[in-house]
Amino acid sequence: MTDFVSAEWVASQGEAIRIVDVRDAWEYDGLGHLPGAVSVPFDSFRADEHGAESDDGDGMLPDEDDWAQLLSEAGITPESEIVAYDDHHGVFAARFLVTAELLGHDPERLHLLDGDFSSWQLERETTSETPAVEPTDYGVTRPDSTPLVGPDVVADAGDDPDAVLVDTREDEEYDAGHIPGAVLLDWRDLVDDETRGLLPREEALSVLERAGIVPEKRVVLYCNTARRISHTYVVLRHLGFERVDFYEGSLTEWEAQGRPLETN
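Not measured: the values here are computed from a predicted model.

Caption draft 1: Seen up close, unusual backbone geometry. At alanine 226, a residue that is not glycine, the phi angle is positive and equals roughly 70 degrees. Position of alanine 226 relative to the elements: it lies in the loop between β8 (218–222) and α10 (228–238). A residue is classified by how much of its surface remains accessible, and alanine 226, at 0% relative accessible area, is buried.

Caption draft 2: Seen up close, the packing of aromatic side chains. Within the structure shown, the criterion is met by seven aromatic pairs. Aromatic side chains phenylalanine 42 and phenylalanine 92 sit 4.7 Å apart centroid to centroid with 85 degrees between the ring planes, which places their arrangement in the edge-to-face category. Placement of the pair is phenylalanine 42 in the loop between β3 (38–39) and α3 (49–52) and phenylalanine 92 in helix α5 (residues 91–102), with a sequence separation of 50 residues. Pairwise contacts between aromatic rings join Phe42, Phe45, Trp67, Phe92 and Phe96 into one cluster.

Caption draft 3: Structural view of the sheet that holds strand β4 (residues 82–85). One open sheet accounts for five strands, arranged β1-β5-β4-β2-β3; its pairing is parallel. One side of each edge strand has no neighbouring strand; the edge strands of this open sheet are β1 (3–5) and β3. Bridge analysis of strand β2 (residues 18–21) against β3 gives two bridges, and the strand direction is parallel. When the bridges of β3 are listed, aspartate 21 appears paired with serine 39. Across the face of the sheet, α5 comes into contact with β2, β4 and β5 (110–113) while running at roughly 175 degrees to β5. Running over the sheet, α10 touches β1 and β5 and is turned about 90 degrees from β1.

Caption draft 4: Examining the pairing of β5 more closely. Neither face of β5 is left uncovered, since the one carrying Leu110 and Leu112 and the one carrying His111 and Leu113 both have all their residues buried. Here three bridges tie β1 to β5, and the two strands are oriented parallel to one another. Within β5, the residue paired with aspartate 3 across the bridge is histidine 111. For β4 and β5, the ladder comprises three bridges, and the chain directions are parallel. Residue pairing across strands places isoleucine 82 opposite leucine 110, the latter belonging to β5.

Caption draft 5: Representation of the environment of leucine 102 within the structure. Tracing the chain through its elements places leucine 102 in helix α5. For leucine 102, a relative accessible area of 2% translates into the label buried. Between the C-alpha atom of leucine 102 and that of glycine 249, which follows or precedes it by 147 residues, the distance is 13 Å. Filtering out sequence-adjacent residues up to four positions away, leucine 102 remains in contact with Leu61, Arg142, Pro143, Thr146, Pro147, Leu148, Phe246 and Glu248.

Caption draft 6: Spotlight on the nonpolar core. In terms of nonpolar packing, the biggest core is built from 55 residues, with Val20, Phe96 and Ile213 touching the most fellow members. For this core, the element with the most residues is α5, which contributes nine residues. Other than its neighbours up to four places away in sequence, valine 20 contacts Val38, Val40, Ile76, Ile82, Val83, Ala84, Tyr85 and Phe96.

Caption draft 7: Expanded view of the pairing of β4. Residues Ile82 and Ala84 of β4 are buried on one face, and the alternating residues Val83 and Tyr85, pointing to the opposite face, are buried as well. For β2 and β4, the ladder comprises four bridges, and the chain directions are parallel. Residue isoleucine 19 lies in a different strand from β4, and its bridge partner there is valine 83. Each parallel crossover has a hand, and for β4 linked through α5 to β5 it is right-handed.

The rules behind these values
Residues numbered from 1 in each chain as written. Predicted model: local features only at pLDDT ≥ 70, side-chain atom pairs only at ≥ 80, totals over all residues. Heavy atoms only, no water. Helix = DSSP H or I, 4+ residues; strand = E, 2+ residues; numbered from the N terminus. Buried < 20%, exposed > 50% of the residue type's maximum accessible area, 1.4 Å probe, protein only. Phe/Tyr/Trp six-rings, centres within 6.5 Å; stacked < 30°, edge-to-face > 60°. Pairing = 2+ DSSP bridges. Contact = heavy atoms within 4.5 Å. Axes fitted to C-alpha atoms, helices over the stretch in contact; angles between N-to-C directions. Core = buried A, V, L, I, M, F, W, Y, C linked by side-chain atoms within 4.5 Å. Right-handed = clockwise from strand over helix to strand, strands pointing away.

What follows is the structure, encoded as structure tokens:
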């Protein structure tokens, strides 16, 4: 499963891992980056929002050939251990990792830096040198089973006592309109403002429990375009939640289909 790893762990791995920086290219070049990191900007692996409005279930996932080319150019193989980071508490990096998982990369080889670029550079060196990368021939093989679910499953989850449907957006967005039966958990409620990484384990579990999100229940996640739920998905899997469903289409698809919303 995709997990969180410390800056200490990343620094100790040397060339055994491939570090992916998903910030904009100008940030990677102009502000520096982690030593050895390759640049794979967030916008390079996202479909446009019209893609999320379709009924093919792929939402904002990139075209498989485009994804394979991106990873090939980044020197990544299907066997690579990948650590991703950004400068927004990990939410953009989490999207990269979830995309990798959904398109067949072994989740045991996917890691999210606990913290982000800002927290790293407070204590550790950065560089402006771009590493030499040997291109690979990365191939996409979709897994036999994934956490992806469609809108009908999401609709049923709102009435299922064994499930909890979770909206990971901000309060104002939730109040303006959410899927019937959903509870609110702003993804940032699981972030430690000081470390810019994940809250300590027990504190994170307490935040989740207060929202009714417990390991005994199946958790179904959505937001607007599946970016914010990527972070929450990684957090839940890291904390040991076994049944976590991922609504890739999220509200963009839901609303395009004219499905109902509740307001507060």
